[in-house]
Amino acid sequence: MTQVAIIGTGLIGASIGMALRTLGHRVVGWDPSPDEASEALVRGAIDRIARDRDDAVADADLVVLAAPPDAIVGHLADLTTDALVIDVAGVKRPVVDAAARLTRFVGTHPMAGREHGGARHASPTLFRGATWIITSDRTTEPDVRQVRGLLDRVGAVPIVMTADEHDDAVAAISHLPQSLAVALVQHAAADPARLQLASGSFRDLTRVALSDTAMWTELLDANRPIVAAQLRQLADGLERFADHVEQGDRDRVAALLAEARIHRLQMAPPVLQVPIILEDRPGELARVGEALATSHVDVRDLQLRHGRHGGGGVLTISVRPGEAEPLRDALRAQGFELA
């Protein structure tokens, strides 16, 4: 695939363009927003801006539809090309159905993103280590292999499933968390005094409430039957949990907490967290970097919690269990106080 056409040069489209250009592909982009397309060009996500969608597609070997689900369905209604077409929509059934008229199509969904959209936040490394779904509906094995190979090269982890399996899974692990974050914020905001006390756990649970409103309105609507059903199942589970708490059934509450902990531990390799107290002064992060360099640890995650009214904060570094103590020693050598 020498030339790639990217239709939609926002965060995902521009990040794909950057990743493919690093692999030697020529990338032509088009976006209904001229400003977004210009930003993608400036950021190095595309080689040139097409005059319109059909101009972008004209000589393409691969077409990437990187627009919202409704717009992707609209493009599929009148797109004419012999090139392989893929999309990145977060809901697959309506897209796969709309693509039935194409000669070559593979539905995909990169499980990667950021709270803020737009080409200005794009990165060629956005997909490294991220799961990237490939749907097996209405496609061919050679085209699936070709897409899988491309995703491997950009550092993603391809997983093949049907469109219906995908929509059910993302409802549970993406659409429900978004809905729950909204509900938690609304519940807490009913009394402004609550939000003044919000700290790490609440902020972590509600981070996705910062995501783009228009995009999420469309995603939830596109997957509405499954999302609505799973929201009601979740509500039933919360009702049962409330009953256990109200009745003082400590054994059942403890069992549910333990079961959830086990499932959560299975989601990622075991890590230990090292919390570091940061003062409000220049050079703090540079000294953390020195400690990381001297301890040679493998950093698995970073979280920074700012002080609400300034005054530094707490940086939590997650490392493999055997590496926590060397990191603590290196941090103490740099003069840090550990939380």
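The structure under discussion appears in the preceding block.
Please read all numbers here as calculations on a predicted model, not as lab measurements. All residue numbers refer to positions counted from 1 along the written sequence of the respective chain. This being a predicted model, a pLDDT of at least 70 is required before a residue's local features are given, and a value of 80 or more before pairs of side-chain atoms are given or counted; all residues contribute to the totals for chains, interfaces and linings. Hydrogens and water molecules were not included; the side-chain quantities draw on all heavy atoms of the structure.

> Honestly, the nonpolar core in this entry has me stumped. Any pointers?
It is characteristic of soluble globular proteins that their nonpolar side chains tend to be buried jointly. Throughout, nonpolar core names a set of buried Ala, Val, Leu, Ile, Met, Phe, Trp, Tyr and Cys residues whose side chains join them through atoms within 4.5 Å. A simple rule labels every residue: compare its accessible area, found with a 1.4 Å probe on the protein chains alone, to the largest value its type can have, and call it buried under 20%, exposed over 50%, or partly exposed in between. Grouped together as the largest cluster of nonpolar side chains are 32 residues, with contacts concentrated most on Ile16, Val64 and Trp132. By the criteria applied, helices consist of DSSP H or I runs no shorter than four residues and strands consist of E runs no shorter than two, each listed in order from the N terminus. Top contributing element to this core by residue count: helix H1 (residues 11-22), with seven residues. If near-sequence neighbours (up to four positions away) are discounted, Val64 is found in contact with Val4, Ala5, Ile6, Ile7, Ile16, Ile86 and Val88. Among the nonpolar cores identified, the runner-up in size contains 23 residues, and Ala67, Ala89, Ala99 and Ala163 belong to it. Only heavy atoms matter for contacts: two residues are in contact if any of them lie within 4.5 Å across the pair.

> Can you walk me through the pattern of salt bridges in this structure?
In a structure, side chains of opposite charge can pair up when their charged atoms sit close to one another. Counted as salt bridges are all cases of a side-chain nitrogen of Lys or Arg within 4 Å of a carboxyl oxygen of Asp or Glu. Overall, the coordinates contain 19 salt bridges when judged by the stated rule. In this structure, the salt-bridge partner of Arg53 is Asp78, at a minimum N-O distance of 2.9 Å. A residue pair is termed long-range when its members are at least 10 positions apart, and Arg53 in helix H3 (residues 53-57) and Asp78 in helix H4 (residues 69-78) qualify at 25 residues. The salt bridge partner of Arg300 is Asp298, with a shortest N-O separation of 2.9 Å. In this structure Asp298 comes out as partly exposed when scored by relative accessible area, which is 27%.

> I'm lost on the packing of aromatic side chains in this one. Help?
A ring pair, where both rings are aromatic, is described by two values, the distance of the centres and the angle of the planes. Each aromatic pair joins two rings of Phe, Tyr and Trp (for Trp, the six-membered one) with centres within 6.5 Å, and gets the label stacked for planes under 30 degrees apart, edge-to-face for over 60, and tilted for any other angle. Under the criterion given, the structure shown has one aromatic pair. Seen in terms of ring centroids, Phe127 and Trp132 are 4.8 Å apart; in terms of plane orientation they differ by 45°. Their pairing is tilted. Grouping residues by exposure puts Phe127 and Trp132 together as buried. Either the NZ atom of lysine or the CZ atom of arginine qualifies as a charge over a ring when it sits within 6 Å of the ring centre and within 35 degrees of the ring normal. Taking the ring centre of Phe336 as reference, the NZ or CZ of Arg287 above it sits at 4.1 Å.

> Just checking my understanding: could you explain the environment of Arg138 for this structure?
Residue placement: Arg138 occurs in the loop between strand S7 (131-135) and helix H6 (141-153). Placed 32 residues apart in sequence, Arg138 and Val106 show a C-alpha to C-alpha distance of 7.8 Å. The contacts of Arg138, once residues within four sequence positions are left out, are Val96, Asp97, Ala100 and Phe105. Pairs of N or O atoms within 3.5 Å make up the polar contacts considered here, provided that, within protein, one atom can donate a hydrogen while the other can accept it, and that residues adjacent in sequence are counted only when both atoms are side-chain atoms. Looking at Arg138, its side chain comes within polar contact range of the main-chain oxygen of Val96, at 3.5 Å. Among the polar contacts listed, one links the side chain of Arg138 to the side chain of Asp97, at a separation of 3.1 Å.

> Got a minute to help me understand a negative patch on the surface in this structure?
Each patch groups residues whose relative accessible area exceeds 30% and which form no salt bridge, using 9 Å between like charges and 5 Å between nonpolar side chains of Val, Leu, Ile, Met, Phe, Trp and Tyr. Using the Shrake-Rupley algorithm and a 1.4 Å probe, accessible areas are obtained, with residue cover drawn only from the displayed protein chains. Lys and Arg are tallied as positive, Asp and Glu as negative. Neither His nor the chain termini are counted. The location of each charge is read from NZ of Lys, CZ of Arg, CG of Asp or CD of Glu. A surface patch of like charges, here negative, comprises Asp236, Glu239, Asp243 and Glu246. With respect to the helices and strands, the residue Asp243 is situated in helix H11 (residues 224-246).

> Would you mind showing me how to read the sheet that holds strand S6 (residues 105-110) here?
Strand-to-strand pairing in sheets goes through backbone hydrogen bonds, with the strands running parallel or antiparallel. As summarised here, the arrangement of the eight strands in space is S3-S2-S1-S4-S5-S6-S7-S8, forming an open sheet in which the pairing is mixed. Here the strands that pair on one side only, and so sit at the sheet edges, are strand S3 (48-49) and strand S8 (157-161). A strand pair is defined by DSSP finding two or more bridges across the two strands. Relative to strand S2 (residues 26-30), strand S1 (residues 3-7) runs parallel, the two sharing five bridges. From the neighbouring strand, Ala5 faces S2, where its bridge partner is Val28. Its contacts with the sheet place H4 against S1, S2, strand S4 (62-65), strand S5 (84-87) and S6, and it is angled at close to 140° to S4. A fitted line through C-alpha atoms serves as each axis, taken over the contacting stretch for helices, and the angle formed by two N-to-C directions is quoted from 0 to 180°.

> How do you make sense of the environment of Val57 when you look at a structure like this?
Structurally, Val57 can be placed in helix H3. On the basis of relative accessible area, Val57 is assigned to the buried category, the value being 3%. A sequence separation of 29 residues divides Val57 from Val28, and the C-alpha atoms of the two residues are 8.3 Å apart. Contact partners of Val57, with chain neighbours within four places excluded, come to Ala5, Ile7, Val63, Leu79, Thr80 and Thr81.

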